[in-house]
Amino acid sequence: MPFVGATGQRLNDELLDVGLKRSELFVLNAIACQPGASKSLSDMKHAADACRPAFEAQLAKLRLGVHAFAMGKWALYAVLGKTKGLKNGRGFIRPWPRGGSAIVSWHPTFAFFRNPYELGAFRADLERFKRLIEGKTTPPPKKIRWRVSPDQVEKLYRYALKTGEPLALDIETGSPDPLRPWWGKDPTMAVLKRVGLGTPMVGVSHQWGKDPLVEKILKRVIEDEAVTKILMNGKWFDQRVLARYGIHAR
């Protein structure tokens, strides 16, 4: 039986938190047998291949057009036939052969107990899955925006309000390095990806002081409690500069 221990109980709680009931979902294991003790890549792949007929037989009982929420590398392999791409591909809505769509996320044990930095990403993916099965979501943009115009920021603001997708903001306040015209791009991507939020999240990186109209909208976004935000500003000077404009970032 899948997810019957501590991970399963925690998963049930997370499902309820986003408005899903496990009794209304069809939960199954990609690997129904115990692989080798080493759990090496080759052992796990062999086990997944050996269990595939049973996995496919269970899926055959479902109607076409249902959606899948694949949790972990081997669920990704069972659903989409890939063993790579989980870290940078989780959260995206993509088609799968049974006529519906699939969202891939972290394995619950990893998110709950091994890497708490990924718990927020897992929850965001679950919320997106709920919106998917309710027909209320669209695939999110795949890129963080640099050197944004006021219209682009306003558009992303409306998108975040409409869909509930988190909005990542990196506001640079130091002097731009003339040798790095894409100021803020590299550190923002690195940090967002490290916590599992880089690819499926809408994001803005902006050099403060460059465009008052952009900054006026960003201030509205930050003050709007209806928008879920992640501010990538850990430097003390960023926080002090932003505080002068009434923005208190943690």
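Residue positions within a chain follow its written sequence, with the count starting from 1. For a predicted model such as this one, the threshold for reporting local features is a pLDDT of at least 70, and the threshold for listing and counting side-chain atom pairs is 80 or more; totals across whole chains, interfaces and linings nevertheless cover every residue. The side-chain numbers reported here are obtained from all heavy atoms of the structure, hydrogens and water having been left aside.

Participant: Tell me about the confidence of the model for the chain, residues and numbers included.
Facilitator: Known as pLDDT, the predictor's confidence for each residue is given on a scale from 0 to 100. Looking at the chain, pLDDT values average 79 and 79% of them are 70 or higher. What counts as a helix is a DSSP run of H or I of at least four residues, what counts as a strand is a run of E of at least two, and both are numbered from the N terminus. Per-element averaging of pLDDT across the chain places helix H8 (residues 185-194) at the bottom with 50 and strand E1 (residues 68-71) at the top with 94. Any two residues whose heavy atoms approach within 4.5 Å are treated as being in contact. Considering only residues more than four positions removed or in separate chains, one finds that residues 181-187, a stretch of pLDDT under 50, has 17 contacts.

Participant: Any chance you could break down the nonpolar core for me, citing the residues and the numbers?
Facilitator: The biggest cluster of nonpolar side chains holds 34 residues, and the ones touching the most others in it are Leu11, Phe69, Val79, Trp96 and Phe122. Counting only elements with at least two residues in this core, the list comes to helix H1 (6-17), helix H2 (41-59), E1, helix H3 (73-80), strand E3 (101-105), helix H5 (108-114) and helix H6 (119-133). In terms of residues, this core owes the most to one element, H6, which gives 6 residues. Leave out the neighbours within four places in its chain, and Leu11 touches Phe3, Met71, Pro108, Phe112 and Phe122. The set of buried Ala, Val, Leu, Ile, Met, Phe, Trp, Tyr and Cys residues whose side-chain atoms join them within 4.5 Å is what this entry labels a nonpolar core. Under the scheme applied here, a residue whose accessible area is under 20% of the maximum for its type counts as buried, over 50% as exposed, and between as partly exposed, the area being computed with a 1.4 Å probe on protein chains only. Residues Val153, Trp208, Leu231 and Leu242 belong to the second largest nonpolar core, which totals 19 residues.

Participant: Explain the packing of helix H7 (residues 150-163) against helix H9 (residues 212-223) to me, using residue names and the numbers behind them.
Facilitator: One way to put it is that H7 packs onto H9 with a least axis distance of 8 Å and a crossing angle of 15°. By the angle between their axes, H7 is roughly parallel relative to H9. In the crossing of H7 with H9, the sense of the turn from one axis to the other is left-handed. In contact with Pro150, Val153, Glu154 and Tyr157 of H7, H9 contributes Leu213, Val214, Ile217, Leu218, Arg220 and Val221. Ten residue types, Ala, Val, Leu, Ile, Met, Phe, Trp, Tyr, Cys and Pro, are classed as nonpolar, four, Asp, Glu, Lys and Arg, as charged, and the remainder, Gly among them, as polar. When grouped by side-chain class, the residues that make up the contact of H7 with H9 number 8 nonpolar, no polar and 2 charged. Axis angles are defined between N-to-C directions and span 0 to 180 degrees, where every axis is a line fitted to C-alpha atoms and, for a helix, only to the segment in contact. Relative orientations are named as follows: roughly parallel for angles under 35 degrees, roughly antiparallel for angles over 145 degrees, roughly perpendicular for angles from 65 to 115 degrees, and oblique for any other angle. By definition, turning the near helix anticlockwise from the far helix through less than a right angle yields a left-handed crossing, and turning it clockwise yields a right-handed one.

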